[in-house]
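# Close look at the chain arrangement
What follows is each chain in one-letter form.
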Amino acid sequence: MANFSCQASLVSVNQKQEDINGHLQNTSKQSSNKEILHATNGRRIRHRDTMTPTLLILPTIISLATHGAAAFTPSSRILRVPSAVRPSSAPPLLAVKTSDGSTASRLKRIKSFTEWAKESGIKSPIFTCLLGTSDVVAHIKCKCVFLPSYAGIELSSADKSGLGLYATQPLSPNAILIQVPTKLTLSVESPKDYNKVMEQTFFPSNPKLYRNAPWWACLSIQLNYYDKINPTSQQGNTSLQPWMDSLPRVYDTPLHWEPSTLHDLHYPPILEAISLQKSKWKHQYDTLASQSPEFATQIPYPDFVWGCETARSRAFSGAYSGSAFNPIPYATVAVLVATYLALGMGTVEQAANGAALVVCGTILKDFVLPKLLKVQKYVICPLIDMANHVGVDAGGNVAFEYFSDGFSLSVLGSGVDMGSEVCIQYGPRNNDQLLQYYGFVEKDNVHDIYILPPIRQWDIGALEVACGRKVGPGRLEKLDRAGLLGRESNIQLSDSSSDGDAANEIGGVVLTRATGIDPAVIQAMRALVSSDEEWENAGEAIGNFATQVSPENERAARLAIKRAMELELESKPTTVEEDENLLQIMNAKSGGVEMEELLAVMFRLEKKKLLKEAIRKM
């Protein structure tokens, strides 16, 4: 099984929190892989004979031909949750994956989708009837929605969070809820994806256009192909149309918000990220359309954007490891070994050497080469992709099943109570990423960050007053040469990020809820507010301020940082208290409040709360 994360951030599988300013240490990485390879590490296969029987090399060739280039890195599960526990009293996420009307429309199509899931091999043998209780379901007159249920789950909509998976009975730890064959999924390899059908359909004269496109663009092309051109899957001759019909048609992410609503976020870094996302997606489309008329005529830009949003919000990712377990080479080896020995063509040792070669070749191909090549695979999996996100204490977990060639959703931790939603974790995602690509905000998100302006934009005079020290000559110049002041604010946004994530192009100061202020910033401020004696004792070298130089200097540095954060908070058009009151008023209204307006207030409130927490800790 393989470790994955939902990009969606689905992604997430070995997804990690962005190291936004180049200095922040990632403290949220998970290391839960339990490699099957450990059983063979350090062992050396001895070859007593000088020659391996030629006959037994044949299965290795068969294995290479019938297996993928590698197999998914074996592991216990994907999407490991962090050790921190989300308080049971924490309120649910506020999500806007689709508008209410879109959700209602999707619910009407769920019956055909779930019937298709059962007929197509998604293992969920027990059928339950869902009587919806939310406003959305009531809007469609509470019609029954039949969902294949493997261990007591149903598809429902509640708390304005779009569709999700809910437990209809207490779920035990490690229980398998859903199993989906690989043949029903869509997948892309990165950095290059080879797909003859997509290449011949959209890029017959230049297939490299598809192969070299970012993973989200490739998945967008696949989604549009199956949704509008030919719904028949490339594996198994199964129509994917019911699944395509069940997907959201409208996304209420900030990509579609009005400028005035974006301004209400009160947070320039996310505006930079959204601007880059727009330009990058348009540039990618124009590049493909200008060089392939087949692509331009079959996929208009709005459809391409729909596919990109679907890919970014629903795909899992992980280290590529080819196809699943293939028994053919091993069966062939057994037959050849028996034949080899029965005909007296060689000794037992020679036969064992040949068999060992096949086994070792498979292990190398399936488990070792994928890690060395660092190839990623991105997958959209029907039904499982309807599981929603929670930052910590997720009840569900998605895994690739190496031996059964499919994906599973199972129960984590101590289980899931009846009536509770079965959530997974998309990875250690901050609210910038969750809002931009998934359309929701997580309250008290343990992975959230705040990006302050770079030090070069700080009010040095105000900091001098706060800490009681003057900035001496030479300090700013040395910090600038060390790259600790950030870049000028008028730089042009780069296209260096393949995923379009760049909320900190000018090198702003990053603080996180988990670890606080970036240690590099504390180092810079120690140097900046150092006395002449401290500066000379340090040899005028920034590196010598990596640790505390004196209690007085440390206090001055932290007072300066604290004042910079206070100035940032004071610069906001509204206060925390005003946003909390406004949010209560919005939630009390039965109608008339647009979801993006509600999300904008929630987002900026969470950012201000994080900033206040950091000020208190400093």
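Everything in this summary refers to the structure shown in the same document. (Residues numbered from 1 in each chain as written. Predicted model: local features only at pLDDT ≥ 70, side-chain atom pairs only at ≥ 80, totals over all residues. Heavy atoms only, no water.)

### Concerning the overall build of the chain
Scanning the chain from N- to C-terminus turns up 21 helices and 17 strands. Every one of the 618 residues in the chain was classed for burial, and the buried ones make up 54%. Of the roughly 26800 Å² that the chain leaves accessible, carbon and sulfur atoms contribute 53%. (Helix = DSSP H or I, 4+ residues; strand = E, 2+ residues; numbered from the N terminus. Buried < 20%, exposed > 50% of the residue type's maximum accessible area, 1.4 Å probe, protein only. Areas by Shrake-Rupley, 256 points an atom, 1.4 Å probe, with all protein chains shown as cover.)

### Observations regarding the packing of helix H9 (residues 268-291) against helix H14 (residues 431-438)
Helix-helix packing is characterised by the crossing angle of the two axes and by the distance between the axes. Taken N-terminus to C-terminus, the directions of H9 and H14 make an angle of 40°; their axes are 11 Å apart at the nearest point. In terms of orientation, H9 and H14 fall into the oblique class. The crossing of H9 and H14 is right-handed. The residues of H14 that touch H9, namely those facing Ile-270, Ala-273, Ile-274, Gln-277 and Trp-281, are Asp-432, Leu-435, Gln-436 and Tyr-437. (Axes fitted to C-alpha atoms, helices over the stretch in contact; angles between N-to-C directions. Parallel < 35°, antiparallel > 145°, perpendicular 65-115°, else oblique. Left-handed = near helix turned anticlockwise from the far one by under 90°. Contact = heavy atoms within 4.5 Å.)

### Here's the deal with unusual backbone geometry
Here the bond from Ser-190 into Pro-191 is cis, since omega is 20°, no more than 30 degrees from zero. Note on placement: Pro-191 falls in the loop between strand E9 (186-190) and helix H4 (196-202). The backbone of Asp-393 sits at a positive phi, close to 60°, despite the residue not being glycine. The phi angle at Glu-540 is positive, at roughly 55°, despite the residue not being glycine. By the element assignment, Glu-540 lies in the loop between helix H18 (532-537) and helix H19 (551-570).

### Comments concerning the sheet that holds strand E12 (residues 396-401)
The strand order across the open sheet built from three strands is E8-E13-E12, with neighbouring strands paired in antiparallel fashion. The open sheet has two edge strands with one neighbour each: strand E8 (176-181) and E12. Across the sheet, the mean angle from the axis of one strand to that of its neighbour is 20°, orientation sign disregarded. Taken together, the five bridges between E8 and strand E13 (residues 406-411) define a ladder with antiparallel strand orientation. Residue pairing in the sheet places Pro-181 in a bridge with Gly-406 of E13. (Pairing = 2+ DSSP bridges.)

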